[in-house]
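A look at the structure
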Amino acid sequence: MIKQLITFIFLLITSVSLAQVDQEELERKKAKLLKEIQEKEVQLQSVRSKEKSVVKLLQLQKEKIGLKESLINTTSKQTKVLSNNIYLNQREVNKLNKELKELKEDYAQMIVKSYKSRSTHSRAMFLLSSENFAQAYKRLQYMKQYNSYRKMQADEIVKKTTELKDYNAKLSGQKTEKEKLLAEQEKQKQELVKEKLDQEKIANSLKKDKKQIAAEIKKKQQETKKIDAQIQKLIKDAIAEANKKAAAAKAKANPKTTTAAETKAIETSTKIVLTPEAKLVSDNFKANKGRLPWPVEKGAITLGYGNQSHPVYKSLVVHNSGIEITTESGSNARAVFAGEVTKVIVISPLNKAVCVQHGDYFTVYQNLSSVNVSAGDKVTAKQSLGKIRTNAEGKTVLKFMVSQNTTYSNPQQWISQ
């Protein structure tokens, strides 16, 4: 029985300790979310007063709603943890109440018996009526143990009463805290409803400008296609240059067995004809798919790969040949893998791109205000390639692309998650 009681107390303490850790972690997460919500609110106010772009306003509103939903979810988890704590404490209160009742009943019976045999004469007769000295000694010891047990029972009742009082106080505090959390959660839900109504208003106002937005998207798409064409040409040129070197190396290594037809086939291939060294680099790059470091130290993907629908007008689609990563102002783009810089493209005086070759794979880092590498440079993983440009809206966005020869793939699948 004692062993089971110790095991129960150990499990109870462990459960409460773990719950306390969870509660503290949720509190930290909640504080972070509240801070981010406040930051979004500041950004919203700034956009409302300084900018006319409702697209950006809508995006910020969506982000704020997402944070509100996360906050409600965190509060819900807090309430659940608290409910578990209340359940455990209520079980302990019930257990203590039962034990206390049994102790009091047992003690009451003992007092009644003691009262009935309370006289000194009765106790003396109990001893004197012994048949021998050994029996008298045992009876004396029994009387001492009985008195000691009575005292122990009385002490145990006081102890259990104190424990019960403490647990009831703790239980009362937790129930108050739970009520507070539930009230807070209800308030957050009401605020979320209001935020969604605001979002609907913004979306409705945005619909009025669909024609203008469609024109802006079309213009942006044309600019993107133009840049993509430049990068495609760059990659094709790099393939041609690599194959030219491979053909020359093969002819030099095997002048008697290499035919003109073989040399021409290598030079005119639309894919890089890999040398053993280049194949090793290519295989290593491929083997690290999903584990490559991000091309920025800190950031978040704000535009995915492929066809991306407008947040309101689903029929308006922008094709993205890479991903766009928003980062902090002043951040640098960095190589995701060791390789060789094949070209630095100057798209405009304020927009440059760096292309790095890894066997028959290419990574492209676009939207740089300045670069600190040149064509032919060997670079290592995480090496800085240049500073990312901050646009007129205050956003610092890197466009990152991955291709095998001229075939693009989703960069998000290559970098670590």
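Quick summary incoming for the structure in this document. Keep in mind that this is a model prediction, so the values were computed, not measured.

Here's the deal with the pairing of strand β10 (residues 384–388)
Examined bridge by bridge, strand β5 (residues 332–334) and β10 share three bridges and lie antiparallel to one another. Bridge pairing in β10 links Arg 334 to Ser 384. The pairing of strand β8 (residues 361–371) with β10 spans three bridges and is classified as antiparallel. Across the sheet, the residue bridging to Leu 368 is Ile 388, located in β10.

Some thoughts on the side chain of Thr 363
Here Thr 363 lies in strand β8. For Thr 363, the side chain forms a polar contact with the side chain of His 358, separated by 2.8 Å. Engagement of the side chain of Thr 363 in a polar contact is seen with the side chain of Tyr 365, the distance being 2.9 Å. If sequence neighbours within four positions are ignored, Thr 363 has contacts with Phe 285, Val 336, Val 354, Cys 355, Val 356, His 358, Phe 400, Met 401 and Val 402.

Details of the nonpolar core
Tyr 365 and Leu 385 are the most contacted members of the largest nonpolar core, which totals 24 residues. Mapped onto this core, the elements with two or more residues apiece are β4 (323–327), β7 (351–358), β8, β10 and β11 (396–404). In this structure, Leu 385 is in contact with Ala 333, Arg 334, Ala 335, Val 354, Val 356, Tyr 365, Val 371, Asn 372, Val 373 and Val 379, ignoring residues within four places of it in sequence. Formed by 14 residues, the second largest nonpolar core is a distinct cluster that contains Ile 345, Cys 355, Phe 362 and Tyr 408.

Parameters at a glance
- The numbers attached to residues start from 1 for each chain and follow its sequence in the written order.
- Reporting in this predicted model follows two pLDDT cut-offs: at least 70 for local features of residues, and 80 or more for side-chain atom pairs to be given and counted; totals over whole chains, interfaces and linings ignore these cut-offs and use all residues.
- Hydrogens and waters are ignored; side-chain quantities use all the structure's heavy atoms.
- Here, any two strands with at least 2 DSSP bridges between them count as paired.
- Only runs of H or I of at least four residues qualify as helices and only runs of E of at least two qualify as strands under DSSP, and these elements are numbered from the N terminus.
- In protein, a polar contact requires one atom able to donate a hydrogen and another able to accept it; more generally it is a pair of N or O atoms within 3.5 Å, and residues adjacent in sequence count only if both atoms are side-chain atoms.
- Contacts are assigned to residue pairs that have any heavy atoms within 4.5 Å of one another.
- As used here, the term nonpolar core means buried Ala, Val, Leu, Ile, Met, Phe, Trp, Tyr and Cys residues forming a set that is joined through side-chain atoms within 4.5 Å.
- In this scheme, a residue with accessible area under 20% of its type's maximum is buried, one over 50% is exposed, and one in between is partly exposed, where area comes from a 1.4 Å probe on protein chains only.

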